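Chain by chain, the residues:
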Amino acid sequence: MLGQTPAISVVKLTKRFPGVVALKDVTLEFRPGEVHALVGQNGAGKSTLVKILSGALEPSEGQILLGGKPTRVATPVDAVGFGIATMTQEMNLVPTLSVAENVLIGHLAQRRGRVDWPAVRKAARELLVELGFDIDPDARVENLSVAQRQGVEIARALSRRAKIVLMDEPTSALAAPEIEKLFGTVAKLRARDTSIIYISHKLEEIFRVADRVSVFREGECVATLETGKTDRDAIVRLMVGRELRSDAERRKKAVCERVPILEVANLASKGKFQDVSFQLYPGEILGIEGLVGSGRTEIVRAVFGADPVDSGSIRVAGKPIGNVRPDRMIASGVGLVPEDRRTQGLVLGMSIVDNVSLVDLARRRSFGLREIGVERSAAQKLVDALSVRAPSLATPVATLSGGNQQKVAIGKWLRTSPRILIFDEPTRGVDIAAKADILRIIKDLAEQGVGIIFISSEQAEVLTVCDRILVLREGRIVAEFNHKEANSELLTQAAFGRSRPRLSGTEVGAP
Amino acid sequence: MSGPSAPSIQTVRRFAAELGDLMRGRMAWPMLLLIGVALSILLPPFLSLNNLLGILRQSSFVGIVAVGMSFAMIAGCFDLSVGAIVGVGEVLLLTAHPTDIGSTLLGVCSALVVAALVGLANGLAVGWLRANSVVTTIGSAFVVLGLTLIYTNAQNVTVVSIYPALEFMSAGRLGVLPVPGILFLVAAIIAQLGLSRTRYGRELYAAGGNPETAELSGVRIAKVRIIAYLISALLAAVSGMLIACRVLSLNPPYGYGFEFDVLTAVMLGGMGLTGGRGSVVGTVAGALMLGMIGNGMNLSGIAYELQLVVKGALLVGAVALDERFRPAWQSGQ
Amino acid sequence: MKKLLAKMAISRQPTIFVLALVIVGSAIAEPQFLTTANLFNLLRQVAPNCIVATGMAIVIIAGGIDLSVGAMLSLGGVIAVAAQPSFGYGLGILFALLAGAAAGLTNGLLVTRLRINAFIGTLGVMTIVRGVALTLSRSHTLPGQDPAFAALADRPIVGIPASTVLAFALFLAGHYFMSSTPAGRSIYAVGGSLEASRLAGLRVERSLLFAYLSSAVAAALAGVVVASEINSGSPVLGNDTPLSAIAAVLLGGISMRGGSGTMIGMLQGVLILGVLTNGLNISGVGGFYQIVVVGSLLILTVVLDRLVPRKSRRK
């Protein structure tokens, strides 16, 4: 393998977004017949690299070399044309068409202008069999399992003679036997000299299937190692970098009440999370950590009633809530600041006043009329308290900066004096000053006795702010730490590590 | 950098952008003025008081329905059954032979009740079961039309005289203003106040503009949409009753087909196709605009058939413009 | 409650059973139904709707919709008849089809280039087309000038009226196109997932334009057929055409979401609707009840179509 021209490589690749540098000066090469893994924490840059390679984004600086030649991959269609196949979680298959048609989409076998269905089926079947899949070519894609759909995607890549296959978290929705099969398929691709770029959070898989692994941290590629010559701990250490300890600045007011304000028992939703049970105490900030896709958002949405669950129960202040729905939870004093403020947290076309007044508890009063004066003064108070910078209360929130938007999304709930407030990625896409403001707001709320659930992909934040941290992995709670014992290495180990049954206190696991 | 007295390109650009932002969604009244001025210049008879009041009266019938349809459209739904419901209002009022207070009340109440039922059905199908609003309301328009035809046996419905109060409402004047015009403006004012001063109004905009956010903020989207369809249906029936009192003679298909004028008026008034935008203020301007343009075409002797073509082009144009000038943060359809 | 309705929708029997049910039902309710004379009548009656529905099916499978078909039907008839004195009926038919192509192209461009919502865009075009029909005919029903034209639709070919043969031939062509040609399969792909089709390099705009063209030309053709049957060009026809066509397509198992369904299903849907209206006719139930029935059917199918969940992807 050494000395061969790399199938694709990047040289000094940099990608800037407003306010953040997602990739810094990355130089890597991916060789034919090699499985090259990319690992790193959330936001470390691997997804950005994959997006650039697949044509979804273009780099701010640097080059992509295909077979040694500088090439511009401007759109996903370009990438496909260059022989780069991408497999992501949102699979790009046409669900209503058959397997065979999807595999050969765009170049169906023809005979005198007519589609030659027997030939199409044969070609698809051969490819699938070669990859080790036993799928009926006439089956409709929408009826297939995730594993089978992946097989179809890979077969499609092969039918297009893809030389480079990007796999983004391919095993996240697969069961063990399906994972084995996928590894077999990867081996077959490798034997055909395909270059495979494999992103995964599952370190044990990477050691099984990859030849080399590149570790990303904060936008840079900090190391590229041969998997045979390294081990898990080394990689985790490279991912984490400096150790972050829990912030010494702890709030004075200890959590003295031991009566939970929220009790979640055995919450389960097929395909998303299982066996979720935890309590939240008034004045406590409970963090939920885990990798992207581990189920954090799904769980809090289910708690809030935004999504249905298969089983489980929720109690607020001891009272069980039947038929959990957002307006019921709001009436019980629960609020949710969602992950995507632009589509879920705010009505972009409305003003600050209107957004802040949207959650409506005192419905019956005043015959449904708005008390504009009351609303305005409440909104003004919030704007001042949260330091929202805006020309006026009537400004449509679409024009505000990310940080200010987020503050309005939060402010909406403060008006309702909630008992429990859930924050899902509250500082994402927010400038530094606003971040500090928002964290301060959260801490103040806790001090006032509000129970807080806090989700964030930035470990530093979680460690600074939370009293207790739950770690999720593949939809299950695998560890719980209190703030004294938590540090970034432990959190990362738990998030990446093997599933262990959860014991109160620390995780029992690999040192 | 240019000298202190000359504005730099940057500031000019920024000013234009801000002006654009301001104008977006508020184009209706300036356009109305522009059209009015243009027509006054091109067609001298346009500017007579009589003509203008006539425009107001005519626009009112479309306008009242348009005010109602605005509610549904702000919620992000179409209501193409309003034409058939106008027919319901017309027919149920006149077939009650409203010559005294008793029969008048009977006619009015029956029209409103039937309209409410249709609105409820639309609301349940579109708001609760989330069926496609265009096809569903086209379907319900047909069902209503069919039922109306069955009820009248497809005959003309004619009355000779009606209760004086009704006559006043549709053909009379208050001072110099035609009463339907006053009713139109009153309905518009109440509706606009309702949108801006009630909690429901806020929920309506939220449900149309960002349904996910609304849901997560505790808004019951189904309920909001059902109420919008009810309002749309009731106002359509009201307008139908007014039209009936004015013409005193109805022939099939009664109000069916009216919905396109109403839709055009609403779109000309700057209503967004995707919901969460627009206002009754704009719709009023749109209705008046449509009335003016129709009047202008009449004064120019343009054939009725050609007018249809023009109106269709207006609808397409308004929709295309909405697409072009839709703010970047609005979700697409 | 919603779940109950959804379950009802999922257990919807395949179209062929519904068709059989409707036929049997009509035969039982109305003994006259199964006579040769009536069945003949039935075939003749469904021909125009079948032609329109063929085009509509293509558009809906592509993920779009065309509400202008009714006005187009009317305009097609008007043009065919209006051209007779000066151009003869042959050219008249050609002009009608060309007008259909123009309207279809307009619809397609509005949707693909200007990205206008298909419902509203075709609604606007509908009004324009209606206006053109009225203008051309000066709001009159134009009487046919050529007996040869009038004889066209009913001329028996192997004993079956030409209009029916045409409708069936068109159905066969449509079936072949959609199931056996790459272009037809592209239309399925575009309707099933625009994004995936684009990423796969398919020419999505071309497919959509073709779909809208088909729909409008089919409507114009149906208009010619109707004009021949009544030997006149009427500018006020077709108000319920989009309704009947969409209902037939949906009854045939084609989903409004696009990407699924077959032309055979469309044919079955056309027949179901045809048998229903025919049954109502011979029972003496007036045309208005039929409007109510068709309208209700449309709402029912739209609601059910929405309730059947598209198999969501497991994440």
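How each quantity is defined
- Each chain has its residues counted from 1, running along the sequence as written.
- Labels are handed out in written order, letters beginning with A for the chains and numbers beginning with 1 for the ligands.
- Given that the model is predicted, a residue must reach a pLDDT of at least 70 before its local features are reported, and side-chain atom pairs must reach 80 or more before they are shown or counted; all residues, however, enter totals for whole chains, interfaces and linings.
- Secondary structure is summarised from DSSP: a helix means a run of H or I of at least four residues, a strand means a run of E of at least two, and numbering begins at the N terminus for each.
- Here the radius of gyration uses the C-alpha set of atoms, whereas the globule reference equals 2.2 Å times the residue count to the power 0.38.
- Residues are scored as being in contact if the C-beta atoms we place from backbone atoms lie within 7 Å.
- Whether a residue is buried, exposed or partly exposed is read from the other C-beta atoms within 10 Å of its own C-beta, which are placed from the backbone; 20 or more gives buried, 12 or fewer gives exposed, and intermediate counts give partly exposed.
- When DSSP finds at least two bridges between two strands, those strands are taken to pair.
- In this document the domain limits rely on a domain assignment from an automatic tool or a database.
- Polar here means any residue other than Ala, Val, Leu, Ile, Met, Phe, Trp, Tyr, Cys and Pro, which are nonpolar, and Asp, Glu, Lys and Arg, which are charged; Gly is therefore polar.
- Confidence per residue, as judged by the predictor, is encoded in pLDDT with a range of 0 to 100.
- What makes a nonpolar core is a set of buried Ala, Val, Leu, Ile, Met, Phe, Trp, Tyr and Cys residues, with links drawn between C-beta atoms within 7 Å.
- To estimate how far a helix should reach, multiply one less than its number of residues by 1.5 Å.

**Brief notes about the overall build of chain B**
And step 1. Along chain B, the regular secondary structure elements total 14 helices and 4 strands.
And step 2. For chain B, the C-alpha radius of gyration of 21 Å lies close to 20 Å, the compact-globule estimate for 333 residues.
And step 3. Considering only intrachain contacts with a sequence separation of at least 6, the fraction spanning at least 24 residues in chain B is 79%.

**As for the pairing of strand β15 (residues 285–290) of chain A**
Residues and elements named next belong to chain A.
And step 1. Burial within β15 is extensive, with 6 of its 6 residues counted as buried.
And step 2. Side chains Ile285, Gly287 and Glu289 project from β15 onto one buried face, and the interleaved Leu286, Ile288 and Gly290 project onto a second face that is buried too.
And step 3. Where β15 and strand β21 (residues 468–473) come together, 5 bridges link them in parallel fashion. Looking at β21, one finds that Gly290 is bridged to Leu472.

**Focus on the domain arrangement of chain A**
One widely used convention gives an interface's size as the accessible area the parts lose upon coming together.
Residues and elements named next belong to chain A.
And step 1. When the domains of chain A are assigned, the result is domain 1 (8–240) and domain 2 (262–343 + 402–496).
And step 2. Domain 1 and domain 2 are separated by 32 Å when their C-alpha centres are compared.
And step 3. With 11 residues of domain 1 at the interface, the matching set in domain 2 holds 10 residues.
And step 4. A total of 3 residues in the side of domain 1 that touches domain 2 trace back to one element, the largest contributor, which is helix α8 (residues 232–240).
And step 5. Of the residues contributing to the side of domain 1 that touches domain 2, the split by class is 4 nonpolar, 6 polar and 1 charged.

**Structural notes on the interface of chain B and chain C**
And step 1. Every contact between the two is made by 35 residues of chain B and, on the other side, 36 residues of chain C.
And step 2. Looking at the side of chain B that touches chain C, the elements that each hand over two or more residues are α6 (133–152) and α14 (304–324) of chain B.
And step 3. Here the side of chain B that touches chain C gets 13 residues from one element, more than from any other, and that element is α6(B).
And step 4. Classifying every residue of the side of chain B that touches chain C by side-chain character gives 24 nonpolar, 7 polar and 4 charged.

**Points about the interface of chain A and chain B**
And step 1. Of the residues lining the interface, 25 residues belong to chain A; the matching set on chain B comes to 20 residues.
And step 2. Mapped by element, the contributors of at least two residues to the side of chain A that touches chain B are α10 (326–331) and α11 (341–345) of chain A.
And step 3. The greatest single-element share of the side of chain A that touches chain B, amounting to 4 residues, is contributed by α11(A).
And step 4. Considered class by class, the residues forming the side of chain A that touches chain B number 13 nonpolar, 6 polar and 6 charged.

**Some details on the confidence of the model for chain B**
When pLDDT drops low, the exact placement of atoms in the prediction is not to be read closely.
All names here are of chain B.
And step 1. Put simply, chain B has an average pLDDT of 87, and 90% of its residues get 70 or more.
And step 2. Contacts from residues 1–5, a stretch scored under 50 in pLDDT, to residues over four places away or in other chains number 2 contacts.
And step 3. This prediction of the complex comes with two scores: 0.84 for pTM and 0.84 for ipTM.

**Details of the nonpolar core**
And step 1. A:Ile452, A:Phe454, B:Ile85 and C:Val249 are the most contacted members of the largest nonpolar core, which totals 377 residues.
And step 2. When residues of this core are assigned to their parent elements, the largest contribution, 19 residues, is made by helix α11 (residues 221–247) of chain B.
And step 3. Dropping the residues within four chain positions of it, B:Ile85 is found in contact with B:Ala115, B:Val118, B:Val144, B:Ala233, B:Ala236, B:Ala237 and B:Gly240.

**Some details on helix α14 (residues 402–414) of chain A**
All names here are of chain A.
And step 1. With 13 residues, α14 ought to run about 18 Å at 1.5 Å a step, and its terminal C-alpha atoms sit 19 Å apart, in line with that.
And step 2. What α14 keeps buried is the set Gly403, Asn404, Gln405, Gln406, Lys407, Val408, Ala409, Ile410, Gly411, Lys412, Trp413 and Leu414.
And step 3. Contact partners of the buried residues in α14: β18 (334–337), α11, α12 (352–356), α13 (372–385), β19 (420–424) and α15 (432–447).

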